[in-house]
Each structure stands twice: as structure tokens, then as C-alpha cells.
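Notes for the structure review
Take a look at the letters that make up each chain.
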Amino acid sequence: MPADDLPLADRLARQIDAGGPISVAHFMAEANAHYYTSRDPLGAAGDFITAPEISQMFGELVGLWLADIWMRSGHKANPLYVELGPGRGTLAADALRAMQMAALAPKVHFVETSETLRDRQKANVPHAVWHDDLDTLPLGGPILAVANEFFDALPVRQMVATPKGWRERVVIRARNGQPGCFEPMAGFRPMDSAVPPSLRHAPEGAILESSPASATIAYALALRIAKQGGAAIIIDYGYEGPALGDTLQAVRGHKAANPFAGPGESDLTAHVDFTTLGNMARQAGLRVFGPVGQGGWLKALGIDARAAMLAQSAPERAEEIESARSRLTAEDQMGTLFKAMALVHPDWASAEGFNE
Ligand code: SAH
């Protein structure tokens, strides 16, 4: 069988046999590339659910936030709506509808690598234009960008503290010989110089993550906004780094799974380091707002009033609307762990919803 047709686990096993251990980042990148092209993972029948799939209110408020900052920054001509990893296109459809109410009708550009999800997106937003990465976005009008649960799907590398110092965490075949199973171990190459001095003396087994892929994309996006004008709203679950911790996790059928078993069959994510994303934007000359909790941000934008209005016009759905509102905002649900951060062109207005 040609190597391309082999199941992903066999291909990774062959790579390891031939070339030695692979990095966690390489493993995660290969696993997610396969995962997202081979299925639509969203929704009750899939593996996980995201904010725009919980309620139309989420996409609508994102759209209103973009329309608001665009209007207060002088209605610049030819705006582009740019979404990274749009999933089913639900957020975009809801956001574009809300923007339309504010007389904003941007051209739509999606950055999406999965052919399967591009098909789903086309059904919801037929006039979108698709891109493999940010490089091919048109030059010209200002960029109104959205990334919801996008950066968490990008690969992280992991460093692990050993008695001999910091090492890159690498992936080998599982030593129990189970087919399709892998396991992490400390690699041999010293990595101490890649660890911030404040964290260098961490206890044995401590893990430090970084996501060069996320930093690269955040920087590319920020450079475009610096050049063309505009703003971006990034929403994800994450933290303000640098911080220790192994956040790599796998979800399958709405349950936690072993991230190193069955690569490409479960959704791999890692928490997003908002500090790094913000620093990339600052380096490109942008202003950064947040991160603040998703719950506080949505409340500042008026989710409570929007929910009350929806419930009034559809009383039979009142319970469902209230449960969605609470799921998106409650502290013990998505309200705090999920965070919002805005990147804004220096000449544009301040971002709404960030004075917690
Ligand atoms: N934003 C959507 C989907 C989140 S899932 C929502 O909130 O429902 C992650 C999305 O990012 C999927 O659309 C996936 O195909 C896409 N994706 C993952 N890695 C990507 C990459 N490197 N480049 C572009 N899109 C990617």
C-alpha cells in the first residue's frame, strides 16, 4: 500500500520507526489535519459543540461588535469579513445578518483547510471566498476578523522539566505495543534556553507549552490589519502566559479521550496563550484589548437584553434561549474559561466590552 493511503496511525508509526521520535507539535498537526478533513466534528452527533452552535446570539453579538467598531472608526469603504476556521459557517451567517442591520455588507473571506467543512460553509455562506492561509487575502479595504475556537486547534510544542534540565516532549510508539497507540516522553536535546528564566527551576515533570503556529498566524493577521485597517476579535479557551501546565486534550463523542491514542479520530486542542497572541499584535503596531472572560464580554454587548427579546418573540423557546444564554456566560460554564481579546488598528476606535 502506498504510504499516502495508510491510516494516519500507521503513517506516524512508520515515520517514527524511520526517523525517530516526532515532536508533540508534529503529532498534533498531523492528527488535526486528518481529523478536520475527514468529518464535520460539530454538533450533538459529532464530537464537540461551540458557542455559535449553541445559539444565534453569539454570532449576532460578534457581528454587532464588528459593525460598531467599524462605524465608530469612520465607515471605511470596502471592508472584508475574514474568519479563521469558520466550522460550519454558522457564526459567519449570524454575524453577517446582524451586520446587515447596521448597513454593513462586507465581502466574505474564509481561511479554512478542511474540504469537508468548506462544503458546510458554502451551504451557509454561498458567496464566501476560501483561502488556505492569510497570504492570499485581498489587499485593499479594512479587515474585520473573527477567530472562534480556531487557535486552540493549532499545534503546540511541549517542553518537559527533567532532572537534567528542560527537554522537548516527543512522541514514540506506545511501549505496550497496542496498535494505533503512542506515548509521550522527554526527548534528548536540551531546551533550557527556550524556557523563560522565571520558569526554569520548575519541578520535575512540569510542562511548558508554546504554539509557534499560533504566533505566526496572529502576527500575519496583525500585519494585515496594520496595513489595511480594521480589527480582530479572538475568542478561545486560554490563559495569560507564560504558565506551566499540560493542556493538550482530546475530545471524542463529547467525552475526554487519550490524546496519544487513535490520532486523527479525536479533536486535539490546547489552551491558547493570549499573552503571546497579544504580543504579536503589539509588535505589528496594533492596540490590544483584553483578554476578558467571554461571559463579561457578551454581557457588556447586551446578551441579556437580546435573550429577553428573543424569548418574548418566541415564548415557546424561552427555556432553550435562557439555557443557551447561561451556557455562554455562566462562570461555571463558558463564561470565564473562554476569553475574548481584540486587536485593533491604532487609528481605529477603542474596542467595546473590555472594561471589566
Ligand atoms: N469556529 C468554528 C469551528 C471551530 S473548530 C466554531 O466556532 O464553530 C476549528 C476550525 O478551524 C475548523 O473549521 C477547522 O477545520 C479549522 N482549522 C483547523 N486548523 C486549521 C488551519 N491550520 N488552517 C485553517 N483552518 C484550520
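Look up: the structure comes first, before these words.
Being a predicted model, the structure only gives us computed values, none of them experimental. Per chain, residue numbering runs from 1 following the sequence as it is written. Where local features are concerned, this predicted model is filtered to residues with pLDDT of at least 70; where side-chain atom pairs are given and counted, the filter is 80 or more; whole-chain, interface and lining totals use all residues. Side-chain metrics rest on all non-hydrogen atoms present in the structure, leaving aside hydrogens and water.

Numbering of helices and strands runs from the N terminus, with a helix taken as a DSSP run of H or I at least four residues long and a strand as a DSSP run of E at least two residues long. Along the chain, E112 turns up in the loop between strand 3 (107–111) and helix 6 (115–124). Three labels apply to residues, based on accessible area from a 1.4 Å probe with only protein chains included: buried if under 20% of the type maximum, exposed if over 50%, partly exposed otherwise in between. Think of it this way: Lys and Arg go in the positive column, Asp and Glu in the negative one, and His and the chain ends go nowhere. Here, a salt bridge means any Lys or Arg side-chain nitrogen found within 4 Å of an Asp or Glu carboxyl oxygen. For E112, which is buried and forms no salt bridge, the nearest opposite charge comes from R118, at a distance of 6.1 Å. Counting of polar contacts relies on pairs of N or O atoms within 3.5 Å, with two restrictions inside protein: one atom must be capable of donating a hydrogen and the other of accepting it, and residues adjacent in sequence are counted only when both atoms are side-chain atoms. A distance of 2.9 Å separates a polar atom in the side chain of E112 from the backbone nitrogen of S114. What makes two residues a contact is simply this: any of their non-hydrogen atoms within 4.5 Å. Those residues in contact with E112 that lie beyond four places of it in its chain are G85, P86, G87, L117, R118, Q121, W130, H131 and D132.

Below, the discussion takes up the site of the ligand. Any residue with a heavy atom lying within 4 Å of a molecule or strand is counted as near it. Taken together, 16 residues lie near the ligand, and T50, G85, G87, E112 and N148 sit nearest. In the environment of the ligand, an oxygen atom lies 2.6 Å from a nitrogen or oxygen atom belonging to the side chain of T50. In this structure, a nitrogen atom belonging to the ligand sits 2.8 Å away from a main-chain N or O atom of N148. Classifying every residue of the shell around the ligand gives eight nonpolar, six polar and two charged. Each residue is assigned to one class: nonpolar for Ala, Val, Leu, Ile, Met, Phe, Trp, Tyr, Cys and Pro, charged for Asp, Glu, Lys and Arg, and polar for all the others, Gly among them.

Before going further, it helps to examine the sheet that holds strand 11 (residues 249–252). What holds strands together in a sheet is hydrogen bonding between their backbones, with the strands either parallel or antiparallel. Pairing between strands is defined by DSSP: at least two bridges between them are needed. Strand order in the open sheet made by the three strands is 12-11-13, with antiparallel pairing throughout. This sheet does not close on itself; its edge strands, each paired only once, are strand 12 (255–257) and strand 13 (267–269). Going across the sheet, the axis of each strand differs from the next one's by a mean of 40°, ignoring polarity. Here three bridges tie strand 11 to strand 13, and the two strands are oriented antiparallel to one another. Considered in strand 13, the bridge of Q249 is made with T269. Interaxial angles span 0 to 180 degrees and are taken between N-to-C directions of axes, which are lines fitted to C-alpha atoms, for helices over the stretch in contact.

Compared with an ideal rise of 1.5 Å per residue, which puts twelve residues at 16 Å, helix 1 (residues 8–19) spans 16 Å between its outermost C-alpha atoms and is within 8% of the ideal. Listing the buried residues of helix 1 in full gives L8, A9, L12, A13 and I16. The buried residues of helix 1 all sit within an arc of 135° when viewed along its axis, so they share a single face. Facing away from the buried surface of helix 1 by more than 90 degrees, the exposed residues are A18 and G19. For helix 1, the secondary structure elements touched by its buried residues are strand 1 (22–23), helix 2 (24–37), strand 7 (165–173) and strand 8 (182–190). Take the residue count of a helix, subtract one, and multiply by 1.5 Å to get its expected span. This arc is taken over the directions from the axis of the helix to the C-beta atoms.

Any aromatic ring pair is given by two values, namely how distant the centres are and how the planes are angled relative to each other. Two rings from Phe, Tyr or Trp (for Trp, the six-membered ring) form a pair when their centres are within 6.5 Å of each other. A pair whose planes differ by under 30 degrees is stacked, one over 60 is edge-to-face, and the rest are tilted. A complete count under the given rule lists nine aromatic pairs for this structure. Here Y35 and Y36 contribute two aromatic rings whose centre-to-centre distance is 5.1 Å and whose plane-to-plane angle is 80°, an arrangement assigned as edge-to-face. Each member of the pair, Y35 as well as Y36, is classed as buried. For the pair F289 and F354, a centre-to-centre distance of 6.2 Å together with 45° between the ring planes defines the contact as tilted. A residue pair is termed long-range when its members are at least 10 positions apart, and F289 in strand 15 (residues 287–293) and F354 in the segment after strand 16 (338–344) qualify at 65 residues. You'll find F289 and F354 in the same group, each marked buried. Three or more aromatic residues link up through ring pairs in this structure, and these residues are W65, F289, W297 and F354.

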